[in-house]
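Results of the structural survey
Each chain, letter by letter, is given below.
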Amino acid sequence: MNQKDVVITLDGPAGSGKSSVAKKLAEHLGLLHADSGAMYRTFTLALMQRLGPGETPEDFGNQVKAAAISPESLHVEVKIDADRQSNLISGLDQMDLIRSPEVTARIKYIADRLEFREAVNRLLSKMKGVVADGRDMGSVVFPDAPFKFYLEASVEMRAERRLKELQAKGWNEDIEALRESIRKRDEEDQNRQFGALRRTDDMILIDTTHINLDGVLRRILNSLQIQF
Ligand code: CDP
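Nothing here was measured: the structure is a model prediction, and the numbers come from that model. (Residues numbered from 1 in each chain as written. Predicted model: local features only at pLDDT ≥ 70, side-chain atom pairs only at ≥ 80, totals over all residues. Heavy atoms only, no water.)

**What to know about the overall build of the chain**
- A tally of regular secondary structure across the chain gives ten helices and eight strands.
- Taking 228 residues into account, the globule formula puts the C-alpha radius of gyration at 17 Å, and the chain, at 17 Å, falls close to it.
- Principal-axis analysis of the C-alpha atoms places the extent of the chain at approximately 50 × 40 × 30 Å.
- Within the chain, the 36 negative side-chain charges are centred at a point lying 2 Å from the centre of the 33 positive side-chain charges. (Helix = DSSP H or I, 4+ residues; strand = E, 2+ residues; numbered from the N terminus. Rg over C-alpha atoms; globule rule 2.2 N^0.38 Å. Lys, Arg positive; Asp, Glu negative; His and termini not counted. Charge placed at Lys NZ, Arg CZ, Asp CG, Glu CD.)

**Overview of the sheet that holds strand β3 (residues 76-80)**
- With respect to topology, three strands assemble into an open sheet ordered β3-β4-β5, the strand pairing being antiparallel. With partners counted over all chains shown, the strands left at the sheet margins are β3 and β5 (92-93), one partner each.
- Two elements, β3 and strand β4 (residues 85-89), share five bridges in a ladder whose sense is antiparallel. Bridging across to β4, Val76 finds its partner in Ile89.
- Against the sheet, helix α2 (residues 36-51) engages β3 and β4, with an angle of about 20 degrees to β4. (Pairing = 2+ DSSP bridges. Contact = heavy atoms within 4.5 Å. Axes fitted to C-alpha atoms, helices over the stretch in contact; angles between N-to-C directions.)

**Quick notes on the domain arrangement of the chain**
- Segmenting the chain into domains produces domain 1 (1-31 + 130-228) and domain 2 (32-128).
- Computed from C-alpha atoms alone, the centre-to-centre distance between domain 1 and domain 2 is 19 Å.
- With 29 residues of domain 1 at the contact, the number on the domain 2 side is 21 residues.
- Taken over both partners, the interface formed by domain 1 and domain 2 buries close to 2,200 Å², and the fraction arising from carbon and sulfur atoms is 57%.
- Applying the counting rule to domain 1 against domain 2 returns two salt bridges.
- Asp112 is the partner of Arg192 in a salt bridge, and the nearest nitrogen-oxygen pair spans 2.9 Å.
- Remark: the boundary between domain 1 and domain 2 carries eight residue pairs in polar contact (both at pLDDT 80 or more).
- Sorting the residues of the side of domain 1 that touches domain 2 by element identifies α1 (18-29), β6 (130-134), α7 (137-141), α8 (155-168) and α9 (175-191) as the ones contributing at least two each.
- With five residues, β6 is the single largest residue contributor to the side of domain 1 that touches domain 2. (Domains from an automatic or database assignment. Buried area = accessible area lost by both parts, 1.4 Å probe. Salt bridge = Lys/Arg side-chain N within 4 Å of Asp/Glu carboxyl O. Polar contact = N/O pair within 3.5 Å; in protein donor to acceptor, adjacent residues only side chain to side chain.)

**Examining the nonpolar core**
- Counting 35 residues, the largest nonpolar core has Phe43, Leu47, Leu74, Ile110, Leu124 and Phe142 as the members making the most contacts within it.
- Those elements that place two or more of their residues in this core are α2, α3 (57-67), β3, α5 (108-111), α6 (114-125), β6 and α7.
- Counting residues per element, this core draws most heavily on α2, at eight residues.
- Within the second largest apolar cluster, 19 residues are counted, among which are Leu25, Val131, Ile211 and Val216. (Core = buried A, V, L, I, M, F, W, Y, C linked by side-chain atoms within 4.5 Å. Buried < 20%, exposed > 50% of the residue type's maximum accessible area, 1.4 Å probe, protein only.)

**So, unusual backbone geometry**
- At Ala68, a position not held by glycine, the phi torsion is positive, near 45 degrees.
- Tracing the backbone through its elements, the reader meets Ala68 in the loop between α3 and β3.
- Overall, the relative accessible area of 57% leaves Ala68 in the exposed class.
- For Met95, which is not a glycine, the phi torsion comes out positive at approximately 40 degrees.
- For Met95, the position within the fold is in the loop between β5 and α4 (101-106).

**Examining the packing of α2 against α6**
- Two elements in contact, α2 and α6, have axes whose closest approach is 10 Å; the angle formed by their N-to-C orientations is 130 degrees. Taken together, the axes of α2 and α6 lie oblique to each other. When you trace α2 past α6, the crossing you get is right-handed. From α2, Ser36, Met39, Tyr40, Phe43 and Leu47 reach across to α6, where they touch Phe116, Arg117, Ala119, Val120, Asn121, Leu123 and Leu124.
- Classifying every residue of the contact of α2 with α6 by side-chain character gives nine nonpolar, two polar and one charged. (Parallel < 35°, antiparallel > 145°, perpendicular 65-115°, else oblique. Left-handed = near helix turned anticlockwise from the far one by under 90°. Nonpolar A, V, L, I, M, F, W, Y, C, P; charged D, E, K, R; others polar.)

**What to know about the packing of aromatic side chains**
- All chains considered together, the criterion is met by one aromatic pair.
- Its end group placed over the ring of Tyr109, Lys108 keeps NZ or CZ at 5.5 Å from the ring centre. (Phe/Tyr/Trp six-rings, centres within 6.5 Å; stacked < 30°, edge-to-face > 60°. Lys NZ or Arg CZ within 6 Å of the ring centre and 35° of its normal.)

**Side note on the site of the ligand**
- Among the 18 residues in the neighbourhood of the ligand, the closest are listed as Arg41, Asp136, Arg162, Arg185 and Asp189.
- Between the ligand and the protein, one listed contact pairs a nitrogen atom with a side-chain N or O atom of Asp136 at 2.8 Å.
- One of the side-chain N or O atoms of Arg185 is found 2.6 Å from an oxygen atom in the ligand.
- In isolation the ligand exposes 520 Å². Once the protein is present, 97% of that is buried.
- Of all the elements in the fold, those that place two or more residues in the shell around the ligand are α2 and α9. (Near = heavy atom within 4 Å. Areas by Shrake-Rupley, 256 points an atom, 1.4 Å probe, with all protein chains shown as cover.)

See the structure below:
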């Protein structure tokens, strides 16, 4: 393979470890890591800044629908270099803000809308030499990618991982609330009209419930037939 141009896709549900694996894999292979979830998060935050967060996530969703704001007018930009992806709103890097539980609770209202899916897909479509992670990378955005993986894990394990991640950022959440939010997001991600989470026949399935990050990485590198 011409490594410079290759696209590797990693899809799977919330907390399956896609982003951490994609980051390490990209580093290892000298590719860039494109985090599509971060792009949906950035559009969600940009809309929260424009419209306010709403009284409830549903209220926010209704406002998004009524306001019919075009994705272009939100001035979202994504820059990817060897170290990290910068997600910018009007030139300002949003860093960890996009991962707040408030954004997570509202993202569905953006990820369900075709105009935002097309905007994210446009940001991704010109990319080559990337490991792209998300829900529909192998099925919709890069259907011709030569290497596609699907990561999954039990709800319990995914909630535990998410708890550690949030705690490391200084946010505290109840483990049962996290389990519930993961179940809800699985349901939403699998059932959306466009870009639903789906494992296609050409994706290699890896269950990460009992394998750590390095273990998953080794499995992927094995199937890419590259020595680790
Ligand atoms: O890391 P986590 O799985 O919690 O989420 P993420 O990858 O940052 O994605 C956040 C949300 O964006 C997902 O729950 C999906 O609703 C949406 N998303 C999507 O619809 N399509 C993608 N390709 C990536 C994310």
